[in-house]
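Residue-level listing of the chains:
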Amino acid sequence: MVNAVTLAEATPIVEKLGLIVPEIVLFVGACVVMMLGLSPSHSVRKACVPFAVLSLIAAGVMAAITGGHVAESMAGHPFPQFVPYAKGLVAIVGIILVMGLAGTVDVALERSFQSGRQAFEAIRTNRGEFYAFFLFSLCGLMLCASADDLIWLFLALELTSLPTYVMVAISTARTRSQEAGVKYFFLGAFGAATFLLGFAMLYGLAGTTLLFGDAGVPTVMTALLDMREASATAEAAGGIGTLATIGLVLSVIGLCFKIAAVPMHFYTADVYQGAAPGVTAMLAFVPKAAGIFALVLLLGTVGWDFGVAGSSLPTPIRELLWVLAAVTMVVGNVLALLQSSVKRMLAYSSVAHSGYMLVGLIAGPAIAVADNGVAATLFYLLCYGCMNPAAFLVLASLERRGESIETVDDLRGLCAGRPLLGYSMVLGSLSLLGLPPLLGFWGKLHLFTSAVSAGEIALVVLLGVTSAIAAFYYLRLAGAPFLEDQSERERDIRLSPAFPRVAAAVLSAGSVVALALFTTSLMRAAGAAGSTPQEAASAEPQGDRITLAAPE
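Residues numbered from 1 in each chain as written. Predicted model: local features only at pLDDT ≥ 70, side-chain atom pairs only at ≥ 80, totals over all residues. Heavy atoms only, no water.

A. Expanded view of the packing of aromatic side chains. By the definition in use, this model includes 16 aromatic pairs. Geometrically, the ring pair formed by Phe 82 and Phe 293 is edge-to-face, given 5.5 Å between the ring centres and 85 degrees between the ring planes. With Phe 82 in helix 6 (residues 82-100) and Phe 293 in helix 15 (residues 277-302), this residue pair connects regions lying 211 residues apart in the sequence. For the pair Phe 82 and Phe 293, a shared accessibility class is recorded, and that class is buried. Summarising the aromatic geometry, the rings of Tyr 184 and Phe 257 are spaced 6.0 Å apart at their centres and angled 25 degrees between planes, so their arrangement reads as stacked. In this pair, Tyr 184 is assigned in helix 10 (residues 175-206) and Phe 257 in helix 13 (residues 242-259), connecting sequence segments 73 residues apart. One exposure class covers both Tyr 184 and Phe 257, and it is buried. An aromatic cluster of at least three residues, connected via ring pairs, comprises Tyr 165, Tyr 184, Phe 185, Phe 186, Phe 257 and Tyr 267. (Phe/Tyr/Trp six-rings, centres within 6.5 Å; stacked < 30°, edge-to-face > 60°. Helix = DSSP H or I, 4+ residues; strand = E, 2+ residues; numbered from the N terminus. Buried < 20%, exposed > 50% of the residue type's maximum accessible area, 1.4 Å probe, protein only.)

As C-alpha cells, this is what we get:
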C-alpha cells in the first residue's frame, strides 16, 4: 500500500521532469562551463563558449524530440504547442548570442596569465561564471515557457533576470558597467515586486497558484472564468471582478519592465550603453522574450474570444495594453531619432519593438493563422531575436584602443573596409526597419494582418506611422557603412580578436535572408504555437494559409 501511494505521488514528479528535459540539459551545461572556466589550462578555459554552444544545440534537439510529448501533457494549456516552439526559439537565438559574448570578460587578466606577468588564480577569473550565468538565464527563459503555476512563473522570471544583473556589471572593466548593473538591479527589483503583488492578488482570489490543468482541477483559469460567468458587471469590469482586474493590471505593468515597455523603459538606454555590446544584444532579447512568454500565459489564463474577430480580454486589460502599445511605439521611435550613440539608438528601438509585439497580443487568436495575433507576436519574436543581434555584434567586433565602437560616425565606410561586418550592419538594420523581402518585413506584415482582422485599425495606422519614423534612424545605420566614405578617424578601428563575435554578426545578418525563404513554414509553426487545442484539432491547410474551423 505504501509503495503504491509512493509510486502514485512520484508519477507527477516524473511527468514534470519530462517536460523540462531541455532545461535540465542547459543546467548541466552551465555547471560544466563553470568548472571549465576555473581550469588552469588556457585551452580548457577557451572551451567555455564552444561547450555552451553545444549545450544549446543539445537543448534545442531535446526540445524538438520531446515536443510531441510536451504538447500532449499540457492538456489544460491554452496553447499546447507553445512550449516546444518557445524552447526551440530560445535555443536558436541563444546560439547566436553566446557566440557574440566570446571574449567579453577577463581580457586583460588572460593576457597577464599568458605573458607570465601573473600566476593563474582561479578566484580572480570570471569567464566560467559569466557563460554559466548566460546559460542559467536561458534555462530560466525556457522555464517561463513551461510554467503552469504562478510560483513557477515568478521563479522562472527571476532566474532569467538575476544572472543578467551580474553580467551587465562585470561585462567591462569600466565603472559605467557597474553603474548600469546597479540601475538595472534596483529597477528590476521594483518590477519584480509589482508583478509579484499582482500574482499574490490572483492567488488570493482564486485560492490556487495553478494557472491551468486537467479538467476538474481547480486552477486560476477556471476561477477567473467562473468569475466572468457569474459576474453581473461583465460589461463594465470585464466579468472577472475588480480585485482580479487589479491583480492582472499589476502583473502586466510589472512585466512591462521585462519587455522594456513604457513607462518601465527608463533604465534601457543607460543600461544598454553601459554594458558590453554582446551583453546588450542578450538584454535586447532574453528579458523581452521572458516578458512576452509570461504575458501570453497570463492573457491565455483570462482568455480571448477564440475564433472571433476582436479581442474579448477584460476591458481594463485590453485598454491598458492598447495604451501601452501605442505610447511604447511612439516614445521608443521618437527618442531613437535623437541619439548619436548606436547602442542608445538600438535601446529605444528595442522599446518600440515591444510596442509592436503588444499589438499582436491585443489582436489575440483568430480563425486563420495569418490573422492570429498570438502567432504573429511569437513569429515576430523569432524575427527580432535573429535580426537584432547583428547590429550589436558588429559594434562588438570592432574596437578602437581596446574599446568597442559606439557612434554612427564610427560605421562610416565599413562596407568598403570590412565588407562582412559592413553588410551585416546593413542587412540587420534594413530587416529591423521591415524592408522587403527580408525577414523583418514578414514579421511586421503578420502583425499588420492580425491587427486588421481584429478590427484594431487605429493601432495599425499607428504601427505604420511609427515604422515610417523608424526608417529615419535605421537608414542612418544602413547608409553610414554602405554609402559614406571612411574618414581618418575611422582608420584606427581594429577588428576584435574574438573571432566568434564576427561569425555571430554574420550569422545573424545571414539569417534575415535565409529564414525569409522559409517564412511560410515558420508562420505555420508559430500558428500552431498560438492555437488553442480546439483550433489545432480542426485545422485544415489551404495552400499557404491555414484556416481553422471555429469551435462549437
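B. Representation of helix 20 (residues 419-433) within the structure. Across its 15 residues, helix 20 extends 21 Å between first and last C-alpha, which sits within 8% of the 21 Å expected from 1.5 Å per residue. Where helix 20 is concerned, the buried positions are Leu 421, Gly 422, Ser 424, Met 425, Val 426, Gly 428, Ser 429, Leu 430, Ser 431, Leu 432 and Leu 433. Count one or two residues on from helix 20 and you reach Gly 434, which has phi positive near 100 degrees. (Expected span 1.5 Å × (residues − 1).)

C. Local environment of the sheet that holds strand 2 (residues 403-404). The three strands lie next to each other as 2-1-3, forming an open sheet whose pairing is antiparallel. Both edges of this open sheet fall to strand 2 and strand 3 (494-495), since each of them pairs with a single strand only. Relative to strand 3, strand 1 (residues 398-400) is paired through two bridges, and the arrangement is antiparallel. Counted as the bridge partner of Leu 398 is Leu 495 from strand 3. Contacting strand 1, strand 2 and strand 3, helix 18 (residues 373-397) crosses the sheet at an angle of about 40 degrees to strand 1. (Pairing = 2+ DSSP bridges. Contact = heavy atoms within 4.5 Å. Axes fitted to C-alpha atoms, helices over the stretch in contact; angles between N-to-C directions.)

D. Layout of the environment of Phe 51. Mapped onto the elements of the fold, Phe 51 is located in helix 4 (residues 48-65). Of the residues examined, Phe 51 reaches a relative accessible area of 29% and is grouped as partly exposed. Linking Phe 51 and Tyr 131, residues 80 residues apart in sequence, is a C-alpha distance of 9.8 Å. Excluding residues that lie within four positions of it along the chain, Phe 51 makes contacts with Gly 29, Val 32, Val 33 and Leu 36.

E. The arrangement of a nonpolar patch on the surface in detail. A cluster of nonpolar side chains, contributed by Leu 17, Ile 24, Phe 27 and Val 28, occupies part of the molecular surface with about 350 Å² of accessible area. With three residues, the single largest contributor to the nonpolar patch is helix 2 (residues 21-36). Residue placement: Val 28 occurs in helix 2. (Patch = residues over 30% accessible without salt bridge, like charges linked within 9 Å, V, L, I, M, F, W, Y side chains within 5 Å. Areas by Shrake-Rupley, 256 points an atom, 1.4 Å probe, with all protein chains shown as cover. Salt bridge = Lys/Arg side-chain N within 4 Å of Asp/Glu carboxyl O.)

F. How the structure looks around the nonpolar core. Counting 173 residues, the largest nonpolar core has Phe 82, Phe 134, Phe 293 and Leu 411 as its most contacted members. Phe 293 has contacts with Phe 82, Ala 86, Leu 89, Val 90, Leu 141, Cys 144, Ala 145 and Leu 381, leaving out every residue within four places of it along the chain. (Core = buried A, V, L, I, M, F, W, Y, C linked by side-chain atoms within 4.5 Å.)

G. Representation of the packing of helix 20 against helix 22 (residues 457-483) in the model. Close contact between helix 20 and helix 22 brings their axes to 8 Å; oriented N to C, the two are set at 170 degrees. In terms of orientation, helix 20 lies roughly antiparallel with respect to helix 22. Two secondary-structure elements touch here, helix 20 through Gly 422, Tyr 423, Met 425, Val 426, Ser 429, Leu 430, Leu 432 and Leu 433 and helix 22 through Ser 467, Ala 470, Ala 471, Tyr 474, Leu 475, Leu 477, Ala 478, Pro 481 and Phe 482. Here the contact of helix 20 with helix 22 is built from residues that sort into 14 nonpolar, three polar and no charged. (Parallel < 35°, antiparallel > 145°, perpendicular 65-115°, else oblique. Nonpolar A, V, L, I, M, F, W, Y, C, P; charged D, E, K, R; others polar.)

H. Fine view of the side chain of Glu 158. One can find Glu 158 in helix 9 (residues 150-170). The class for Glu 158 is buried, based on a relative accessible area of 13%.

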